[in-house]
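Summary of structural features
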Amino acid sequence: MHLEGSIQPATVCALTARHGSQLTEADVHHRYAYNNFSEFIESFKWVTSYLREPQDYALIVTALAEHLLAQNVIYAEVTLSIGVMLLRKQQPEANFEALLRASEPFEKRGLRLNWIFDAARQFGGEAAMQVVEAARRCNSKAIVAFGIGGDELRVATEEFRPVYDQAAEFGLHKLIHAGEVGGPEKIREAIELLGVERIGHGIAAINDTALMDLLAERRIPLEICPVSNICTGALARQLHQDSASIEEHPLPRLFRHGIPVVLSTDDPAMFHTTLLSEYENAARMGLSEPELLHLAAMSFEHAFLSEEEKISLMRFPKS
């Protein structure tokens, strides 16, 4: 889940008002509508253009935390677009400190947040290395991983090898978006060249049985985001169709093949979804109640936490 893609329309309006613009929620809903991945990226650029100072990040993380608590979420690993901050000449350390301060009170209410520092693939390897360096400077145990999102059809995977090596040296877990709109070869490259521990999306694996076997054998989880895959046209692309429905999503096939699946929302506000809605979607795809329970357990099993922390969270008494 991206923090920046979790900004609900009312919060966008509050942000724009802070910076001298007046938008209605209807205006935001209009911006939060797209037919393909490129249109989504343009909307993402637009909404993040209003994130200009640390107080803006404090505002959106407070709104996100309230939204998560309303869904009875007790733990989340939230992706933070550090690469975009750097592109806009912001100070990631100041923004991150504001996020930490704003999210701290929510721990007492039963919600723990950890962070994934994210680079945009299309910005290239040097820019990605700057994101890793920002994570080092922030020096927080709450930063658990480094990842790369953005346009997976841009920049060869090999270019990011030194970046992931450096992230590992700093003690960060490694993930990447692959096999969303790209082919299964993007997933295989991420595993073999970068040594990633989780794959964002990864739905292209359905087009390569040997790759599915590899993911199952090595227990490499896929972060599956069903509504996102519909909204961006990614699923239709992988199915070689003009359009696709939730019922056609390959989540059940991947799950039943033995591949670990972590159900995710990607950019929930921008895709008009919630984590609860995604579990309802998984049921619509045909997963049984025991399978849904197993799916929920996998989110804890493959979190970037110690075994003791995972057990503690799974025993958490939610009121």
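Description of the structure in this document. On a predicted model such as this, the values are computed, not experimentally measured, just so you know.

Parameters and conventions
Residues numbered from 1 in each chain as written. Predicted model: local features only at pLDDT ≥ 70, side-chain atom pairs only at ≥ 80, totals over all residues. Heavy atoms only, no water. 1 Å grid on protein atoms, 1.4 Å probe; cavity = no way out; pocket = protein on both sides within 12 Å on 5 of 7 lines; lining within 4 Å. Points joined across faces, edges and corners; volume = space filled by probe spheres on them. Helix = DSSP H or I, 4+ residues; strand = E, 2+ residues; numbered from the N terminus. Nonpolar A, V, L, I, M, F, W, Y, C, P; charged D, E, K, R; others polar. Buried < 20%, exposed > 50% of the residue type's maximum accessible area, 1.4 Å probe, protein only. Polar contact = N/O pair within 3.5 Å; in protein donor to acceptor, adjacent residues only side chain to side chain. Contact = heavy atoms within 4.5 Å.

A few words on the layout of surface pockets. The calculated volume of the largest pocket comes to roughly 890 Å³. Contributing to the lining of the largest pocket are 41 residues, with Val 73, Tyr 75, Leu 263, Leu 275 and Ser 299 lying nearest its centre. In terms of residue count, the dominant contributor to the lining of the largest pocket is helix α15 (residues 289-301) (five residues). Considered class by class, the residues forming the lining of the largest pocket number 22 nonpolar, 15 polar and four charged. If you add up the space inside the second largest pocket, you get close to 340 Å³. Of all elements in the fold, only α3 (37-48), α5 (82-87) and β2 (112-120) reach the threshold of two or more residues within the lining of the second largest pocket. By residue number, the principal contributor to the lining of the second largest pocket is α3, which donates six residues. Counted by class, the lining of the second largest pocket contains nine nonpolar, nine polar and six charged residues.

So, about the side chain of His 201. For His 201, the position within the fold is in strand β5 (residues 198-201). By relative accessible area, which is 1% here, His 201 ends up buried. A distance of 3.4 Å separates a polar atom in the side chain of His 201 from a polar atom in the side chain of Glu 180. Polar side-chain contacts of His 201 include one of 3.4 Å to the side chain of Asp 266. Beyond its immediate sequence surroundings of up to four residues, His 201 is in contact with His 177, Ala 178, Glu 180, Leu 222, Glu 223, Ile 224, Cys 225, Ser 228, Asn 229 and Asp 266.

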